[in-house]
Structures are given as structure tokens and as C-alpha cells.
Amino acid sequence: MNNAPEEGRGILRSAHDLDLCVRCGSCKAQCPTYGEDVTEGMSARGRVILLKKYIEGEIGPSEILDERIFSCMLCGACNTLCPLGINITDAVYEGRKSLRKSGKRRRFLGVAARLAFKRASTGFKVLKFLDGLGELLPVHKLPYFRTLHEMGVNITGPSLRDGTSLFKVARPRGRVAVFAGCTVNFLYPHIGSSLITILNSMNFDVVVPKGEVCCGAPLLGLGFEEDAAELAERNMKLFRKMSVEAIIGLCPTCVYFIRDEYRKLIGDGVKRAMDVTMFFSSEKPEIKKDMGQILSSVAYHDPCHAIYSLGLQAEPRAVLKSAGISPIDSEKGCCGLAGTFRILYPDMSKGLLEKKVESYKDAGMIVTSCPNCVLQLRSGIKGGNVKHIVEIIGEAVQGEKPKYGSS
Ligand code: SF4
Ligand code: SF4
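Residues numbered from 1 in each chain as written. Chains lettered and ligands numbered in written order. Predicted model: local features only at pLDDT ≥ 70, side-chain atom pairs only at ≥ 80, totals over all residues. Heavy atoms only, no water.

**Re the pattern of salt bridges**
- Scanning the model with the defined rule gives 22 salt bridges in all.
- Among the salt bridges present, the one from K52 reaches E56, with a minimum N-O distance of 2.7 Å.
- Classification of K52 by relative accessible area gives buried; the value is 18%.
- Measuring nitrogen to oxygen at the nearest pair gives 3.2 Å for the salt bridge that ties D90 to K264. Taken together, the residues span a long stretch of sequence, with D90 in helix α6 (residues 88–99) and K264 in helix α14 (residues 252–266) at a distance of 174 residues.
- For D90, a relative accessible area of 3% corresponds to the buried category.
- Residues joined by salt bridges that share partners form a network here, namely D19, K52 and E56. (Salt bridge = Lys/Arg side-chain N within 4 Å of Asp/Glu carboxyl O. Buried < 20%, exposed > 50% of the residue type's maximum accessible area, 1.4 Å probe, protein only. Helix = DSSP H or I, 4+ residues; strand = E, 2+ residues; numbered from the N terminus.)

Dropping the structure here:
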């Protein structure tokens, strides 16, 4: 018996890729789940061994296998450490595709996730409606809504996609597009607006494509490759029509998906998809305010996909430096959000967040380039200053008096 999915992205039609593994364990060194639960099956190497046995039919679906494979945060740290170049996250995607319907709980999760991510705009409207009921049905007092408000989320405001889609300047030097991503679009649209202002200040016309949908990462992560491919195709249809120099993303996961994973999913991706820190480090915004004079002890938090999938480490620091900020040293490590991981594995997520919060105890402000890390870190640092890098550069470019606090 062979449990490999019959059709896939062509990465692991059999266990051959995993045959290369010599079980050296190098991939375990920075595996965040192994850091939380020191069990071999919760490590990168453990997952490789389990997947090989599963694909070859030596073991079948089980609750424990489900937990081991679906608790991987897909952070990609292991891929950068394997001396033989085994793409462990691709193996996990394949395993999940095969396991996605094993058991009632997983089938239910699949239906809910496909509804939520394929109809994100509708889901958000429902959320807004419920939150806006005020005293009639005070859902805003429920812990879920309270947490959102603590994270600085204003779900009653308009989303970024609701507004204008072309922001022109008088004498453009070029045209770029912004891929907002769901978190910025629905929860932190002010970050998207700030990016548009910065890009206009650099004399770029800016397009915010109408009809943008979720990049597909959460659905691929849950094993729904066909649904993720459908979303990828919808976004690519928009991108193919645009004549722009670059597509700039505010979330490193979206950027790495559009650039790299789309090619595996649908055979087409955007070579010029750039994380905002990549773009700002090559096309420098004009800084009018020295933010180093205002902010002291800033720590920079590296989002997993920025560091492991896009290879960005120097770029965000150079961007901060250009605004007068020299971030204090801080340790690498996942914040614990990882898409649906925070909901499905709350204890491990909390453990990882606590470690991060502790590692930033000397910082007056934490800056990052991922809106999901902003969400997660704000939930752990009560009333704390956690900012997306675009918020800082937005202030530096405009030269206005900064308004800090949990906005
Ligand atoms: S680092 Fe590579 S070869 Fe070593 S155990 Fe991990 S997957 Fe196998
Ligand atoms: S992707 Fe991250 S969580 Fe998953 S096995 Fe690799 S290091 Fe561990």
C-alpha cells in the first residue's frame, strides 16, 4: 500500500525524496515545535521519518500522526538546515494533502477553513455586522472580540480593498502594485494606506488590485491544494492584467507564496513579488524625520517566512537604519501564530509567544514586517508597542509627530 497523494505538485510522488535523509538531525536545531515539546515526532526529523513510513504504507492515518504532521508550523527553518537540501515543508504539504480528510474533526476543519478563506470578504462582513450590533447583541464583550480590540484591530472600519484602486502622482517614475494580504486588508488597513503614502512620496503610481483574494497559504497549509490553486489562479489573473514594475507585499508569507509557491501550484508566479523591506532597501524612501531621536531600544522581530523563505535579515535592519534606528540584538524565533496554529495548538502557541515576550523584555518597541506577527505579539505584550515597519517608515517619510501606543 502507498499513501502518497495520486496527484500533487510533483514534489513527492513517492518516498524517494525522503530516501535521501541520513537522519543526522540537523533540521531539529531550530524547530519551534520541538522546542516546546521535546518528542522526536514533534521535530523536523521525526516528521520526515513519519512521512516516509506513511507514504510507503508502513503506517496508516492515526490521531498521533495527524497531530505530528499538522502541528508543523511550516516556518521553513528546517529547510535551511538540511545539508542534503531536502525540502521538508514540501513533504509536510504532501502529507497533509493525503491526511486532510482523515477523521471527523479534520473534515469539519476543512469545510470551515475553505469557507473562511475562499469567502474572506463575506466572512469579514459578518464579523463587522456582529461587532457593530453594540448593546443590541454585545458580542464585542466576548473574549474573541476583546482580544481583537487588544490587538489594535478596528473591525468596524472599511477594508483597504473597499477604497480607490489607483493612487497617482503628478510625475510618476514608475508604477507598482500593493498586495495587501488578508490581515492588512481587513484588520490593519491603515498599514496599507501608509504604504501607499510612502510609495506616492517616492513618486510611484500605486495600484491596489480590486478582486485580490487570500494568497492561499492557509488552505495549502491545511492540505487543500486544489483550493489554494484556485485562489492562486484568481490572483494571477489580476496580476497578468497589470503593467507594474513590482508587486509589493506587506506580509512575507504572501510574498513568498506569490513568488515561489504559485509556480509549484499553478506553474506561474510573480518574479517581481517583493517584501516591503526588499523594496525599501533598494528604492530608498526619502526620510524626513530621524526616528532614532524619538525611539530608543527598538527590537526587530524576524518573521519566519521573511528570514527562512525570502532570506531577509539585513534588509529590514538597513531600512530601520535609514530612518535613524539601530535595533538592539534579539534572538530569532517564531512568535507562535503560524496561520491556524494559534487556534489549533493554543498551548504551544502560548509557550512560543511567552518566550518571545521574555526575549524582548528590554525593548521599548518591537518592530516587524509581518502583520500576523504584529497581531500575535500585541496579544502577548499588553498595551505594548508593536509596530509594522511600514508604520515607522510612514512616520519618518511624512515627518509628522508620531502617534504611538496600541493603535
Ligand atoms: S537535516 Fe536533512 S538529512 Fe538530516 S535528519 Fe533532517 S531531513 Fe534528514
Ligand atoms: S517547518 Fe518549522 S515547525 Fe515544521 S518541521 Fe520545519 S522547523 Fe519544525
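**Here we look at the site of ligand 2**
- In the vicinity of ligand 2, the contacting residues are C31, P32, A44, R47, C72, M73, L74, C75, G76, C78 and T89.
- A breakdown of the residues in the shell around ligand 2 according to their chemical character gives eight nonpolar, two polar and one charged. (Near = heavy atom within 4 Å. Nonpolar A, V, L, I, M, F, W, Y, C, P; charged D, E, K, R; others polar.)

**What about the site of ligand 1?**
- Around ligand 1, the surrounding shell consists of C21, V22, R23, C24, G25, S26, C27, R45, C82, P83, L84 and I88.
- Grouping the constituent residues of the shell around ligand 1 by class yields eight nonpolar, two polar and two charged.

**So, the packing of aromatic side chains**
- Taken as a whole, this structure holds five aromatic pairs when the rule is applied.
- Judged by centre distance (5.3 Å) and plane angle (80°), the rings of Y256 and F257 are edge-to-face. Of the two residues examined, Y256 and F257, each falls in the buried class.
- Among the aromatic residues, those joined into a ring-pair cluster are F204, F279 and F280. (Phe/Tyr/Trp six-rings, centres within 6.5 Å; stacked < 30°, edge-to-face > 60°.)

**Details of the nonpolar core**
- Ranked by size, the top nonpolar core spans 124 residues in total, and within it L195, L199, F239, F257, F279 and F280 carry the most contacts.
- Looking at which domains feed residues into this core, each of domain 1 (16–99) and domain 2 (291–398) gives three or more.
- With residues near it in sequence (within four places) discarded, F239 still touches F179, I247, I258 and V270. (Core = buried A, V, L, I, M, F, W, Y, C linked by side-chain atoms within 4.5 Å. Domains from an automatic or database assignment. Contact = heavy atoms within 4.5 Å.)

**Let's talk about the sheet that holds strand β5 (residues 273–275)**
- An order of β1-β3-β2-β4-β5 is seen for the five strands of this open sheet, with the pairing classed as mixed. Edge positions in the sheet fall to β1 (166–167) and β5, since each of these pairs with one other strand and no more.
- Here three bridges tie strand β2 (residues 174–179) to strand β4 (residues 247–249), and the two strands are oriented parallel to one another. The partner of V178 across the bridge, within β4, is I248. (Pairing = 2+ DSSP bridges.)

**What to know about the packing of helix α19 (residues 346–359) against helix α20 (residues 371–380)**
- Interhelical geometry of α19 versus α20 gives an angle of 80° and a closest axis separation of 10 Å. Judged by the inter-axis angle, α19 sits roughly perpendicular to α20. Packed against α19, whose contacting residues are S349, L353, K356 and V357, the element α20 presents Q376, L377, S379 and G380 at the interface. (Axes fitted to C-alpha atoms, helices over the stretch in contact; angles between N-to-C directions. Parallel < 35°, antiparallel > 145°, perpendicular 65-115°, else oblique.)

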